[in-house]
Amino acid sequence: MYVCLCKGVSDRMIREAVSDGARSWREVRERTECASQCGKCACMGKTVMREAITEE
Ligand code: FES
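Throughout what follows, the structure given in this document is the object of discussion. Keep in mind the model is a prediction, meaning the values are calculated, not measured. (Residues numbered from 1 in each chain as written. Predicted model: local features only at pLDDT ≥ 70, side-chain atom pairs only at ≥ 80, totals over all residues. Heavy atoms only, no water.)

### With respect to the packing of helix H1 (residues 11-19) against helix H2 (residues 25-32)
The interhelical angle for the contact between H1 and H2, taken along N-to-C directions, is 115 degrees, at an axis separation of 10 Å. Crossing hand, H1 versus H2: right-handed. Every residue of H2 that contacts H1 at Met13, Ile14, Ala17 and Val18 is listed here: Val28, Arg31 and Thr32. In the contact of H1 with H2, the residues fall into 5 nonpolar, 1 polar and 1 charged. (Axes fitted to C-alpha atoms, helices over the stretch in contact; angles between N-to-C directions. Helix = DSSP H or I, 4+ residues; strand = E, 2+ residues; numbered from the N terminus. Left-handed = near helix turned anticlockwise from the far one by under 90°. Contact = heavy atoms within 4.5 Å. Nonpolar A, V, L, I, M, F, W, Y, C, P; charged D, E, K, R; others polar.)

Right, here's the structure in full:
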């Protein structure tokens, strides 16, 4: 599913960023550009990131 419509970032892309080593929201943002436009997706993006880190 899409987390970020502005930048076309899916939950899968966030999970991939985490499995590639991203460990902070800043790092996930740098890698995916999630929440770099309107910012409405930040809360959902962080939730997906935390889940992905917990599941590692
Ligand atoms: Fe992600 Fe707008 S929906 S920046």
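### Considerations on the environment of Ile53
Relative to the helices and strands, Ile53 is located in helix H3 (residues 42-55). On the accessibility criterion, Ile53 (28% relative accessible area) is partly exposed. In this structure Ile53 touches Val18, Ala22 and Arg23, once residues within four positions along its chain are discounted. (Buried < 20%, exposed > 50% of the residue type's maximum accessible area, 1.4 Å probe, protein only.)

### Observations concerning H1
Buried residues of H1: Asp11, Ile14, Ala17 and Val18, and no others. The arc that holds the buried residues of H1, viewed along the axis, is 120 degrees, so those residues lie on one side. Structurally, H1 contributes buried residues whose contacts are with strand S1 (2-4), strand S2 (9-10), H2 and H3. Immediately downstream of H1, the backbone of Gly21 shows phi near 120 degrees, a positive value. (Arc of directions from axis to C-beta.)

### Re unusual backbone geometry
Look at Glu33: it is not a glycine, yet its phi comes out positive at around 70 degrees. The partly exposed category is assigned to Glu33, whose relative accessible area is 44%. In this model, Ala35 sits at a positive phi of 65 degrees, which is unusual for a non-glycine residue. When you line up the elements, Ala35 lands in the loop between H2 and H3.

### Points about the nonpolar core
Core analysis: the largest hydrophobic core is formed by 16 residues, its most contacted members being Val3, Ile14, Trp25, Val28, Cys34, Cys41 and Met49. Every element with two or more residues in this core is listed here: S1, H1, H2 and H3. The biggest single contributor to this core is H3, with 4 residues. (Core = buried A, V, L, I, M, F, W, Y, C linked by side-chain atoms within 4.5 Å.)

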